[in-house]
Amino acid sequence: MALLNCIECNHVVSDKASACPNCGCPVSFSLGTASLAVPDRPEPKKREPRKRRKYKKLPNGFGCIKKLSGNRSRPFAAYPPTREFNLNGSPVSQPAIGYYKDWYQAFDALREYNNNPYDLVHNDITFSELFTLYFNAKYVNNKKKNFSQASIKSTKAAYKNCISLHERKFKDLRKYDLQSVVDNCPLKHASLELIVTLFKQMYKFAKENDITDKDYSEFVSINIPDDDESGEPFTQEELNILWKNKEHPTVQIILIMIYSGFRIKALETVKINKQKQCFKGGVKTKAGKNRIVPIHKSILQYALNFNPDTFKADYFRIKSFYPVMQQFGIDKTVSGKKHTPHDCRHTFSWLCDKYKVDELSKHLMMGHSLGGDVEKSVYGHRTIEELKTEINKIKV
């Protein structure tokens, strides 16, 4: 007889016993070796380790993508590369560029950011907030230039007409949003011009300050006729009065507009080539900008003495043009309307017709679009000398 230890409770058991008297575990023998038999138990299923999805490693200085905890619709956050560090060397945390549904969307956003980095502080800036920054930079903080109250009021009026954009994020705006404001505005052409001008200036300001890298204002157009083009030419009697007072400085500028066809606003930026004796400039339309107009011989001396850098259209209109018209008694048209500076351009057109100026030359000098006439728009050309010959057909 031999004594064994029960494998279940470690109690001493005789090898002759059929079961452990302490715990009842049965005793069996195999080939003279004692062992305690236990019932078969199913082996627990081994849980396979959870496979973690591997994404490609991001380059150094590219930024990082983190998957946030919890049940989120956009769990992947894209963070820009660290640019600043505290005095102790720890990185300064930056706000996320955005939150995305999957890793690949976050990667695309991070790649776009690295191609064109923008100021994350201004990432969510609204149209109104950007307007405030732009307005203060131009009209409040700018000590070099004094703007008229009319200019300030025009800018504020244009902003009010963009009310549908006020609370929109500026970076989310597209050409369609800007165009809708212009198309749905019931005001006249002049008011729409102010809106488009505001768009252009705000986008220029935003690009200068890295708030955006795309200028959608360049695609916006005004899709109604220009109602500012209406007017009446000066009569021959009124022209005679102006020529009798040609020594008056204001009259000389009026005569420049009449015998060149330029709008009053164009005189602020027009270039004068004294050697070739011609103007170059224009505003409003593509055909009108940078057009060449020879200087009529009757106004040559006035044109050579004219300085566009000191000319302000709004000031001249109010402080010079209208007072002189009233002073010489020619402030009213034949139909009883008030003469405006734009009537000078109508007078030029009338003089061209009266003295048989070539039609193509007239359109080129006035900056008219020739898009409807394929032959003229494609094959219509005039040299400066040819234009000089045509414009000098006009008699004084």
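In the block above lies the structure referred to throughout.
Notes on the structure in this doc start here.

The rules we used
Residues numbered from 1 in each chain as written. Predicted model: local features only at pLDDT ≥ 70, side-chain atom pairs only at ≥ 80, totals over all residues. Heavy atoms only, no water. Core = buried A, V, L, I, M, F, W, Y, C linked by side-chain atoms within 4.5 Å. Buried < 20%, exposed > 50% of the residue type's maximum accessible area, 1.4 Å probe, protein only. Helix = DSSP H or I, 4+ residues; strand = E, 2+ residues; numbered from the N terminus. Contact = heavy atoms within 4.5 Å. Expected span 1.5 Å × (residues − 1). Arc of directions from axis to C-beta. Pairing = 2+ DSSP bridges. Axes fitted to C-alpha atoms, helices over the stretch in contact; angles between N-to-C directions.

If you look at the biggest cluster of nonpolar residues, it comprises 43 residues, and the most contacted ones within it are L242, I254, I258 and Y259. Elements with a minimum of two residues in this core: α6 (236–244), α7 (249–258), α8 (300–305), α9 (313–327), α10 (342–354), α11 (359–366) and α13 (384–391). Per-element tally for this core: the top contributor is α7, with seven residues. Dropping the residues within four chain positions of it, Y259 is found in contact with L239, W243, H296, S298, I299, F348, L351, I391, I394 and V396. Residues I125, Y139, C162 and C185 belong to the second largest nonpolar core, which totals 30 residues.

Looking now at helix α1 (residues 103–115). Across its 13 residues, α1 extends 18 Å between first and last C-alpha, which sits within 8% of the 18 Å expected from 1.5 Å per residue. Of all the residues in α1, the buried ones are W103, A106, F107, A109, L110 and Y113. Along α1, the residues classed as buried sweep out an arc of 165° about the axis, all on the same side. Away from its buried face by more than 90 degrees, α1 exposes E112 and N115. Buried residues along α1 sit in contact with β5 (64–67), β6 (76–79) and β7 (98–100).

Read from one edge of the open sheet, three strands run β5-β6-β7, paired in antiparallel fashion. Looking along the sheet, the strands with just one partner apiece sit at the ends: β5 and β7. Each strand of the sheet is rotated relative to its neighbour by a mean of 30°, with strand direction disregarded. In this sheet, β7 lies alongside β6 in antiparallel orientation, the contact comprising three bridges. Note on β7: the bridge partner recorded for F76 is Y100.

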